[in-house]
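Take a look at the letters that make up each chain.
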Amino acid sequence: MDQKILYLAAGEDTEGLQQCLQQMKENEIGALITTHALKGKDIGMLVRAIFKGSPCSKHEGAACRLFVYKHCMQLVESGDLQSDIATDMIGLLMLEAHHLPGATLAELASLYVDAIKGGSIMNGKSLDLFPTILTVLASQESLSYGEGQLCGEEYKKQVINTLCSSRWDPKCVIHLASMFRDVPVSTEELQFVMMKVEKMFPRLDLQELPPLVYQLLLLSAKGCKKILLEGIIKFFHQQDQLQKEEQMGTESMELEAASVPKDQLRHVEGTIILHIVFAIKLDHDLGRELIKYLKAGQQGDTSLVLCSFSIALLLSVARIHRFEDQVFEFLKTSTIKSFKDRLFQQNSKFLQDLIPAQCSVSEMILETVSNSVFGWDHVTQSLVQLGFIFMDSFGPKGGPFGKVVEINPVAAKTPAQQASRLGAKILLETFKVHEPIRSEILEQVLNRVVTKTSSPISQYLDLLSDIVVSAPLILLESSSKVIEAFDHLSYLPLSTVQGLLKAVQPLLKISVSMKDSLILVLRKAMFSSQLDSRKSAVAGFLLLLKNFKLLGSLTYSQCSQTVTASQVQVDVHMRHNASANEALCLEILGSLKRCLSQQSDVRLMLYEGLFDVLRRNSQLANTILQTLLSQLNRYYELEEDLLPPLKLESCITTQGGQIYLQEPLAHLLSCIQNCLAWYKQSLLQGSKGNDDEEEEDNEDSFQCDLEEQLNSITRRMIKSELEDFELDKSADFSLTSNVGIKNNIYAVLVMGVFEVLIEYNFITSNYSTNRFEDVISLFNRYHKLSELLKEKSGKGKSLSSNKTKSLLTFSFVSSLLTALFRDNAQSHEESLSILRSNNEFMRYTVNMALQKIQQLEETGHADGPDGQNIERTFKYLCDITRVLLWRYTSIPSAVEESGKKEKGRTISLLCLEGLLRIFNAMQHRYQNKIQQFFSAIDVTSDGEEEQEIVNITEKAAFHIRQFQRSLVTQLSGDEEDFNSKEAQLLVSILSTLSRLLEPTSEQFAQMLTWTMKICKENNLEDVQFCKGLMSMLFSLFVLRKSPVSLLQELSRDVHSRLGDIDQDIEIEEQSHFAMVNAKTAAPTVVQLILSQVEKVLEEVDWLITKLKAQLSSDRVLTDESSQGSTTREPVEKAIILQLGTLLTTFHELIQTSIPSGGCVDILLKEMGKMYNILTSLVKYYIHGYTTNAAHLPARFEKLVKLSGSHLTPQCYAFITYVQNIQNETMSFAGGAEKKKDKKEMASITAATARVLRETKPVPNLIFAIEQYEKFLIHLTKKSKVNLMQYMKLSTSRDFRINAATLDAALQEQEEGDVQQDGNDDDAQSNTTVDENREPKKKRRKR
């Protein structure tokens, strides 16, 4: 039969062919096609022949064709055919589809829809035909649909709608996505298709997602790019959330179904990112759409659009040059905004309650770093770039004159500091997990260390140190880069050299080549002509001596076990060559001896570093002490009778007519004293095991020499008078002459020597009475010289009048303070009474402790030995705190003051100042040690430290109560006995300690209640005390709730105290807070109120910005607007309530007779801000009406009414009041001008300048009011609510019609009319008007 059909078709016998086909049944035709197709014969000829015999014009022909289409589709979908035969068959059907009638096309389309619904589409091959059918269908003029008719385009739309509304089998989703690429669709239809496919994401197997996304990306060439990107990002964001929930062990019902292996998810994400980036390279519109979508989301809740996946996608897109800057700028702004928002919320309980804490962008970026382990190589390069961008942009900036502002790495508070820390974390984590990028990170860090000589680089040195600690062995592979950096050492600033060497120090222990190259560089630097290079060489050599012990023993606890294998190798190398190692250390010491003949700065570095070397490398003790002894002998007078015992002339040098210090003698003695004390102690500990008597004798000989010399110096320094040093009262201490400079240098040296001897004699005294008498004698000499210098510095500048650093060590100050105040041992009482009886000495000791604490607070370390050791300085700090606390609480200051009157501050005040600095230092420098601190300063818990865990809030509250008692005692006494300075310090301490209280705790509530009570009940006219106390009240109050109610009460008190701007009005006497009185109300309390008002306005502004962003993102991110409006309502309510209360605060303040000055200026500015924020709120509602997403609440109408009745009229009255004050000032200035007195002229100029400064905000305020009213008119039109009914016509403009002035002018004009001729009336009246018109004056001022 098939042959017959083919024969008839070839012979062009159409009628015969038609008859033949009509005689055959459908199943016979089907069997014929199937047989041909399966045998692989020329199926195309047969199907063409059948189509030739089935003309579409006849019903039978159309039915036959429909059957052939159906049968071929089933055949192709069955998967039994060879691929090329199936393709040929579909190709032929496509060509013939254009001839099919509309009804047949419609039936075929329905067939496809049913097949997709039923899930019978298996391999998707037959779907290649569907786009052609839909295309032809769309071109039909009319098709019957139900009972009516539809055009082809509409019918096609109905088919697509039906298709997308039905359930899809997950297996055919990819085929369908591919199929829609060939279907001509409108934007609306494409959107429908995209959303349908995205809904299918969760139902698909993870491995099927990359090909599906690839098809969708191809499809997005037609449009709907944003919907596609949004869908992909949201899906993977949800997957990440599920992963997190699973890790946290959250029992979620959907968890079991949704949970997927983490590594599989990350690999799929990586593949999809590659697909998207490839698509963006081909179609830049897709990239622009991605950035546009993310920027729109950034305005609202960032966590909706930013997640680990979207950040990784952005970082991959950043590899495309066109988008690089946009991506990094977006990530920078998002991160800094996230940090700022978090900080803003942390400081306000009002905001915390209103807006939930949002997900941190920094956490997401770090999550991206950890996820990039799963083959995301396309992300790593951008991660490194991002890390360095953060560190470069937000790192510490140079202060004035190139001074580096010290930043404490423990407490990174500001958003910029946090961003810089984030950059370092990104780089460190990337370094740990990505091997190929390591050398690049190291190279870039070292480049910045070497090249950024003018700007601070502490953040890069910290990062380098962390990198070295995390992977020392890996860094050995890049040792050439480190060695290359060493070549630049002699050109770098000293601080950079010290930081760099400290950072790479662990590498020196495991790399011989690195150590050798460093020594070579340092030797060269030692002979450099530059002073800084020689200082760098000293710093480097001291570091080597500290870390390389004589026997080559190696202890590096931070290294992992893998390092020890290498270490053993190095150790063996060193042990075989122990003598060479010793020779190396002695050779370094030999190089350092050169320093003893160089400038004082170089010697000073050596003296300050040798003690640490000695303590770490005890084998070098003999050499070091002998070197120091020989150096001392150059300045020591051997003759016992000679006074003074030291040759001060040898310590100075003259160069180019200028006198310089050559030998820092006091530092030399300090170094000797510290080294000797440590050496004696180590000898005592090791004496039992030491059998080598000869060596011991040698050691004893120079030890005895040093001790004898120090004792001799002590005896002779006590005998020496100031005249012996040529430093008597008649000496010249001015810095303008060489003699004055020399005397200043001598004075500093002598005072330093006295301090070193005081420490030496106390340490070696063993509580001997004679030694303590020597200590007091030395101190008296020191004190006498110190007083002389103070006296001289009062008359003119002197070198030593600047606060010179004490040479007392931190450990000595701590032990001396403890001995003086806390040593109750009976055996020590007699000797200590010698020291205790000298009040000046007691005060000096506390002062020295204060100096050490101040150094620690400002720089994080102290001078002298142990000053850099955090653990030891912390211990000394705790000891000093214990003593100062005991001293202040045990001896009331009133008792102390009732004794003899002293110059300067009392010991109690010094103790208080010390405690304030300590509490500040603890919070900034030792945040992680606060528990240990409270445990250590608690006298009762000696020995119980291990068993109890310290509750910081409870401990802080305990100490707060102590200081509260002291303050109450101060306040309850007579006003004459009130010590303002002590009260201020107590308030500062209470304020500092209150930061340690948990804001939700009961103790915090008690503290707030107590502060409120003190403010309400005490009427002190002390401005500074009031300022401190009220500031503390506000800082506590904002952590519990918004301070607007407090501001309202305070503003009423201020109004009551200062009176009204209209003097005829009597104000009702109100007193919520007794602390507000005539003296403190202005400017102190007013300025505090206005600073708080500014903060509240900033918070409200922040909230309005959030609302606007939410309004925009709700629209852009295709969320339901009704849901958005419910989340916005509580925020809107809070904003309106805040503004309403602030409005009443302003209502009080602008009716207050505030004296001319800074307060008026600030008040006018804040009023301007208030109106700007009201305008901002009005604009928000206008935007809401434009997008049909917001309505006008009744509360807002009340707020507008209040602003019209209570704010704007009073505002204009206040402006008039301000200008009247200014006119008075100006008229006073004009009257005094005639006298031409210089002083008076100066005061006139100052008054005029002040007036101009205070009037500056007036035009801005009037403009703000008018803008507010302008946008209210817009909102009235939009909302159909008449808001302008509450507003009155404003009267303050460039000119003003004042009724009283107008009457007076008219009267004058009438009088003029009587005197003048009738003909000149008009001209005269014009002249009068011109003369009395103010605007011209105003114009001239402008």
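Everything below is about the structure shown above.
Described below are features of the structure shown in this document. Counting of residues starts from 1 at the beginning of each chain's written sequence and follows it residue by residue. This being a predicted model, a pLDDT of at least 70 is required before a residue's local features are given, and a value of 80 or more before pairs of side-chain atoms are given or counted; all residues contribute to the totals for chains, interfaces and linings. Processing note: side-chain calculations cover all non-hydrogen atoms of the structure and skip hydrogens and water entirely.

A few points about the nonpolar core
Condition: Residues belong to one nonpolar core when they are buried, are Ala, Val, Leu, Ile, Met, Phe, Trp, Tyr or Cys, and are joined through side-chain atoms within 4.5 Å. Accessibility here uses a 1.4 Å probe with only protein chains present; expressed as a share of the type maximum, an area under 20% marks a residue as buried, one over 50% as exposed, and anything in between as partly exposed. In DSSP terms, a helix is any run of H or I states spanning at least four residues, a strand is any run of E spanning at least two, and both are numbered starting from the N terminus. By definition, residues are in contact when any of their heavy atoms lie within 4.5 Å.
Residues Leu592, Phe963 and Phe1196 are the most contacted members of the largest nonpolar core, which totals 283 residues. If you tally residues by element for this core, the top one is helix H50 (residues 1078-1116), at 16 residues. The residues contacting Phe1196, other than those within four sequence positions of it, are Ile1136, Leu1177, Val1178, Tyr1181, Leu1275 and Leu1283. The next biggest cluster of nonpolar side chains, apart from the first, holds 97 residues, and it includes Leu176, Leu217, Leu229 and Ile272.

Here we look at the pairing of strand S4 (residues 658-661)
The following threshold applies: DSSP bridges decide pairing: two strands pair if at least two such bridges lie between them.
By the bridge criterion, four bridges tie strand S3 (residues 652-655) to S4 in an arrangement that is antiparallel. Across the sheet, residue Thr653 finds its bridge partner in S4, namely Tyr660. The hairpin turn running from S3 into S4, its antiparallel successor, is two residues long, and Gly656 in that turn takes a positive phi close to 60°.

Considerations on helix H40 (residues 839-859)
Condition: By definition here, a helix of n residues has an expected span of 1.5 Å times n minus one. The term polar contact refers here to a pair of N or O atoms within 3.5 Å; inside protein, the definition further demands a hydrogen-donor-capable atom paired with an acceptor-capable atom, and it admits residues adjacent in sequence only when both atoms are side-chain atoms.
For H40, built from 21 residues, the straight-helix expectation of 30 Å at 1.5 Å per residue is met to within 8% by its first-to-last C-alpha distance of 30 Å. At the N-terminal end of H40, a side-chain oxygen is found 3.1 Å from the backbone nitrogen of Glu840, two or three residues along, and the residue is Asn838.

Some words on the side chain of His1147
Checked against the element boundaries, His1147 lands in helix H51 (residues 1121-1149). With sequence-adjacent residues up to four places away left out, His1147 is seen in contact with His1206, Leu1207 and Gln1210.

Here we look at the packing of helix H38 (residues 810-822) against helix H39 (residues 826-836)
For the record, the criterion: In this analysis an axis means a line fitted to C-alpha atoms, helices contributing only their contacting stretch, and an angle means the value between N-to-C directions, from 0 to 180 degrees. Small angles under 35 degrees read as roughly parallel and large ones over 145 as roughly antiparallel, with 65 to 115 read as roughly perpendicular and the rest as oblique. Think of it as three bins: nonpolar holds Ala, Val, Leu, Ile, Met, Phe, Trp, Tyr, Cys and Pro, charged holds Asp, Glu, Lys and Arg, and polar takes everything else, Gly as well.
The geometry of H38 relative to H39 is characterised by a closest axis approach of 9 Å and an angle of 105° between their N-to-C directions. Here H39 runs roughly perpendicular to H38, going by the angle between their axes. Across the interface between the two elements, Leu816, Ala819 and Leu820 from H38 touch Leu832, Leu835 and Arg836 from H39. Class assignment of the residues belonging to the contact of H38 with H39 gives a composition of five nonpolar, no polar and one charged.

So, the environment of Gln851
Structurally, Gln851 can be placed in helix H40. On the accessibility criterion, Gln851 (10% relative accessible area) is buried. Within the structure, the side chain of Gln851 is placed 2.8 Å from the backbone nitrogen of Ser806, a separation counted as a polar contact.

Here's the deal with the pattern of salt bridges
Let me state the cut-off plainly: Any carboxyl oxygen of Asp or Glu that lies within 4 Å of a side-chain nitrogen of Lys or Arg is treated as forming a salt bridge with it.
Enumeration according to the criterion identifies 34 salt bridges in this entry. Between Asp285 and Arg288 there is a salt bridge, with the nearest N and O atoms lying 2.4 Å from each other. Of the two residues, Asp285 and Arg288 both sit in helix H16 (residues 284-299), three residues apart, roughly one turn of that helix. Look at Asp285 and you get partly exposed, because its relative accessible area is 39%. Judged by relative accessible area, which is 40%, Arg288 ranks as partly exposed. Salt-bridge contacts for Lys680 lead to Glu707; the nearest nitrogen and oxygen are separated by 2.9 Å.

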